[in-house]
Amino acid sequence: MLQEQTVVTVTMNPAVDLACTVPGFALGEVNRVARARTDPGGKGINIARLLRLFNLPVAGTGFLGADNAGLFERLFQQRGIQDAFVRLPGETRTDVKVVDPEAKTTTDINCPGLTPDTPHLAALFSTVDRLSRDAGLVVIAGSLPPGLEDGVVAKLVAMARARGLRAVVDTSGPALAEAIAAKPSLIKPNTLELGQYLGRSVESLEDVVAEARALVRGGIETVAVSLGERGAVFVEAEAAVVARPPQIEAVSTVGAGDAMVAGLCAGLARGLPLPERARLATAMAAAVVAQPGPCLSDIGPARALESLVVVEPLEARRMES
Ligand SMILES: O=P(O)(O)OC[C@@]1(O)O[C@H](CO)[C@@H](O)[C@@H]1O
C-alpha cells in the first residue's frame, strides 16, 4: 500500500458519543454528571480522524442518520475526510460513556442504531466499489446496525480483495467470525472477542499467541490482539512481537482500539516493519486513553509515548501469562 493511496473507512453503525464524567458512579442510583462532552464517533469514523493526522487521504462511508448529520459533516469538513456516507432517515444513535475517575472505569452504553433498508445497503456496496478504485486499504470497523445479516462484513472483505485491496476488520461476534472466513489482511480482536470467536476464554499470553498464529496460518496477514493496559500481541508469518505501553494515567478507554487500528494502518502506508507498526499502534492507543474523548487532535502525544513503548520479539522472550 502506498502513502498516497486513499484509505476507505466503513462505519455501518456510527454514534454520537456522549461522555459523562461521574465520580463515584453508582448503579441503581441518581448520578450527577460533573462534565459532559459530545463527539461524533463510531469506530471507522474515529479511525478516519486519526489517519488524517498522518496526512493520508481518507474517505469515510457507512450509514448516517440525516436528522443529526451536521455534527459529522462538520468533522469531515474540518478534518478533510471525504464524506461518502449513505444517509438514512432518522437520527444516528447516541452512545453513552460513563467515565468514573474514582473507580478508574469507563462504562459503555451503546444503543442499537438505525436500520438500513435493502436500497441503502446496495448504495453502500456501490459506494465502496467506487471508492475502491483509488484506494489501497478498506477498514471495516464497529458493530452492525440492527437488521443487517452477519455476513455483510465478509462480503465487503471479498469485494476489497477482488479489487486487490487490503481489508482491515475490527468487529466482533458472528460478523467477525464470518469476516475471518473471508480472510481479511488484518484483524484486531481483544482477548474477549477472540474468546467469543473460539468459543472459550483465552487467558495466557501463550494462548493468545498460539491462536493468533493459527489465524495467520489460516490466511490473515496480520493478527493484532489487544490486551488492554498490558498492550497487544502482533503476529505475522515472518514476525511476532508483544508491545507494552508505558504506565499512564487512564482518563477514558473509549477509542483505544480504534487508535491501535489507525496506528497499524498508518504504519502499513509508510511501509514500516511489524515491530515499528506495533510501537506506533500501541503509542496511539495509550495516547487516546490518556485524554478524554475517542480521538487525538494532534499526533504529538502519541509521538511522545512511542519511545516508551517496549516491543519484544515473541520468539526471544519467555512467554509468561
Ligand atoms: O457499538 P460499536 O459499533 O461496537 O462501538 C461503538 C463505539 O463504542 O465505538 C467507538 C469507540 O471504539 C465509539 O466512538 C462508539 O460509541
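Since this is a predicted model, take the numbers as computed values, not measurements.

J.: Could you clarify how one ought to interpret the sheet that holds strand β3 (residues 35-41) in this entry?
T.: Whenever strands of a sheet pair, they do so through backbone hydrogen bonds, lying parallel or antiparallel. The strand order across the open sheet built from four strands is β3-β2-β7-β8, with neighbouring strands paired in mixed fashion. Every other strand in the sheet has two partners, leaving β3 and β8 (105-109) as the edge strands with one partner each. Each strand of the sheet is rotated relative to its neighbour by a mean of 20°, with strand direction disregarded. Bridge analysis of strand β7 (residues 94-100) against β8 gives five bridges, and the strand direction is antiparallel. Within β8, the position partnered with V99 by the bridge is T106. Across the face of the sheet, helix α2 (residues 70-79) comes into contact with β2 (15-21) and β3 while running at roughly 70° to β3.

J.: For this particular structure, what's the right way to read the site of the ligand?
T.: Around the ligand lies a shell of 16 residues, among which D17, D95, K97, S143 and D258 are the nearest. A distance of 2.9 Å separates an oxygen atom of the ligand from a polar side-chain atom of K43. Residue D258 places a side-chain N or O atom 2.7 Å away from an oxygen atom belonging to the ligand. Counting only elements with at least two residues in the shell around the ligand, the list comes to β2, α1 (43-52) and β7.

J.: Before we go on, may I ask you to explain the UniProt feature "domain: Carbohydrate kinase PfkB" (unreviewed entry) in the protein chain in this structure?
T.: Annotation from UniProt places "domain: Carbohydrate kinase PfkB" (unreviewed entry) at residues 16-296. The annotated region residues 16-296 carries 38% helix and 24% strand content, and the separation between its end C-alpha atoms amounts to 16 Å.

J.: Would you mind going over the side chain of T222 with me for this structure?
T.: You can see T222 is positioned in strand β12 (residues 222-226). Non-local contacts of T222, meaning those with residues more than four positions away in its chain, are made with S185, L186, I187, V235, E236, L274 and R277.

J.: Teacher, can you tell me more about the pattern of salt bridges here?
T.: In the structure shown here, the tally under the stated rule is 15 salt bridges. In this structure, R279 engages E276 in a salt bridge whose closest nitrogen and oxygen atoms are separated by 3.5 Å. Here R279 pairs with E276, and both are found in helix α9 (residues 274-289), just three residues apart, close to one helical turn. Classification of R279 as buried rests on a relative accessible area of 19%. The exposure class assigned to E276 is partly exposed, which follows from its relative accessible area of 33%. Across the salt bridge formed by E306 and R303, the nearest N and O atoms sit 2.6 Å from each other. Here R303 and E306 lie together in helix α10 (residues 300-306), a separation of three residues that amounts to about one turn.

J.: Explanation requested: the packing of α1 against helix α8 (residues 256-269) in the structure shown.
T.: Geometry of a packed helix pair, given as the angle between the helix axes and the separation of the axes. The interhelical angle for the contact between α1 and α8, taken along N-to-C directions, is 45°, at an axis separation of 9 Å. Taken together, α1 and α8 sit at an angle that is classed as oblique. Note that α1 runs across α8; the crossing there is right-handed. Along the contact surface, α1 presents K43, N46, I47, L50 and L51, while α8 presents D258, A259, V261, A262, C265 and A266. Per-class residue counts for the contact of α1 with α8 are eight nonpolar, one polar and two charged.

J.: Looking at this model, I keep getting lost on the nonpolar core. Mind explaining?
T.: It is characteristic of soluble globular proteins that their nonpolar side chains tend to be buried jointly. Of all hydrophobic cores here, the largest spans 53 residues; its most connected members are L51, F76, V139, F234 and M284. Per element, the largest residue contribution to this core is ten residues, and it comes from α9. Among residues more than four places away in sequence, those in contact with F234 are V223, A224, A239, A240, V241, A243, M260, L264, L274, A278, A281 and T282. Core analysis: the second largest hydrophobic core is formed by 51 residues, L88, A154, L156 and V235 among them.

Cut-offs and rules
- Every chain's residues receive numbers from 1 upward, in the order its sequence appears when written.
- With pLDDT at 70 or above as the cut-off, local features in this predicted model cover only qualifying residues; side-chain atom pairs require 80 or more to be listed or tallied, and sums for whole chains, interfaces and linings still use all residues.
- Side-chain metrics rest on all non-hydrogen atoms present in the structure, leaving aside hydrogens and water.
- At least two DSSP bridges between two strands are needed for those strands to be called paired.
- The way it works is that DSSP assigns letters per residue, a run of H or I at least four long becomes a helix, a run of E at least two long becomes a strand, and they are numbered from the N terminus.
- Axes here mean lines fitted to C-alpha atoms, for a helix over just the part in contact, with angles spanning 0 to 180 degrees between N-to-C directions.
- Note on contacts: a residue pair is in contact if any heavy atoms of the two residues lie within 4.5 Å.
- A molecule or strand has a residue near it when one of that residue's heavy atoms lies within 4 Å.
- Counted as a polar contact is a pair of N or O atoms within 3.5 Å, where, for protein atoms, one must be capable of donating a hydrogen and the other of accepting one, and residues adjacent in sequence contribute only when both atoms are in side chains.
- UniProt positions are given in the numbering used here, feature names are shortened, and annotations may be inferred rather than shown by experiment.
- We define a salt bridge as a contact between a side-chain nitrogen of Lys or Arg and a carboxyl oxygen of Asp or Glu at a distance within 4 Å.
- Three labels apply to residues, based on accessible area from a 1.4 Å probe with only protein chains included: buried if under 20% of the type maximum, exposed if over 50%, partly exposed otherwise in between.
- We call two directions roughly parallel when the angle between them is under 35 degrees, roughly antiparallel when it is over 145, roughly perpendicular when it lies between 65 and 115, and oblique otherwise.
- Helix crossings fall into two classes, left-handed where the near helix is turned counterclockwise from the far one by less than a right angle and right-handed where it is turned clockwise.
- Polarity classes work like this: nonpolar for Ala, Val, Leu, Ile, Met, Phe, Trp, Tyr, Cys and Pro, charged for Asp, Glu, Lys and Arg, and polar for all others, with Gly in that last group.
- To form a nonpolar core, buried Ala, Val, Leu, Ile, Met, Phe, Trp, Tyr and Cys residues must be joined to one another through side-chain atoms within 4.5 Å.

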